Amino acid sequence: LTAVLFLSCNAYAFSDVKSDGELGVAVKALEEYGVINGYEDGSFRPDSFITRAEFCKMVNVLFNFTDVGVNDFTDVSYDDWYFRSFGFSCRECVV
């Protein structure tokens, strides 16, 4: 992850990320790898905590987890966008 954060590339600017700084470069690299997408309103929210679902999605992309395991979380429904991410992460014992 650290290596990905400091890749040199043209930075993409979410509405709340300056494209000319280190954060902008890191965000662009993570977006290009599909690790992050930002939010529907065009923001990245760099000062917010990430959710458990967002964490699982990022880990799954970074480590290429694709086999779905058993999802033991009672608060994760089949209809949630992150249902498969939790299955991957559970199978790999990440969460």
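Provided above is the structure to which this section pertains.
Treat the numbers as computed from the prediction; the structure is a model and nothing was measured. (Residues numbered from 1 in each chain as written. Predicted model: local features only at pLDDT ≥ 70, side-chain atom pairs only at ≥ 80, totals over all residues. Heavy atoms only, no water.)

A few words now on the packing of aromatic side chains. Two numbers describe a pair of aromatic rings. These are the distance of the centres and the angle of the planes. All told, the structure shown has three aromatic pairs when counted by the stated rule. Relative to Phe83, the ring of Tyr78 lies with its centre 5.2 Å away and its plane at 65°, an arrangement referred to as edge-to-face. Taking the relative accessible area as the measure of exposure, Tyr78 reaches 66% and is therefore exposed. The interplanar angle of 90° and the centroid separation of 5.3 Å between the aromatic rings of Trp81 and Tyr82 together place this pair among those described as edge-to-face. Residue classification places Trp81 among the exposed residues on the basis of a relative accessible area of 59%. Here the basic side chain of Arg45 rests over the ring of Tyr39, its NZ or CZ set 3.8 Å away from the ring centre. (Phe/Tyr/Trp six-rings, centres within 6.5 Å; stacked < 30°, edge-to-face > 60°. Buried < 20%, exposed > 50% of the residue type's maximum accessible area, 1.4 Å probe, protein only. Lys NZ or Arg CZ within 6 Å of the ring centre and 35° of its normal.)

What follows concerns the pattern of salt bridges. In total, this model carries four salt bridges according to the counting rule given. For Glu31, the salt bridge identified is with Lys28, shortest N-O distance 4.0 Å. Note that Glu31 and Lys28 are positioned in helix H2 (residues 22-32) at a spacing of three residues, about one turn of the helix. Assessed through its relative accessible area of 24%, Glu31 is described here as partly exposed. Between Lys28 and Glu32 there is a salt bridge, with the nearest N and O atoms lying 3.5 Å from each other. Here Lys28 and its partner Glu32 are both found in helix H2, four residues apart, which amounts to about one turn of the helix. Assessed through its relative accessible area of 18%, Lys28 is described here as buried. (Salt bridge = Lys/Arg side-chain N within 4 Å of Asp/Glu carboxyl O. Helix = DSSP H or I, 4+ residues; strand = E, 2+ residues; numbered from the N terminus.)

Here we take up the nonpolar core. Nonpolar side chains tend to gather and get buried jointly when the protein is soluble and globular. Counting eight residues, the largest nonpolar core is built from Phe14, Val17, Val27, Leu30, Val35, Ile36, Phe44 and Met58. The contact partners of Ile36, leaving out residues within four places of it in the chain, are Val27, Leu30, Glu31, Phe44, Lys57 and Met58. Listed in part, the five residues of the second largest apolar core include Ala53, Cys56, Tyr82 and Phe86. (Core = buried A, V, L, I, M, F, W, Y, C linked by side-chain atoms within 4.5 Å. Contact = heavy atoms within 4.5 Å.)

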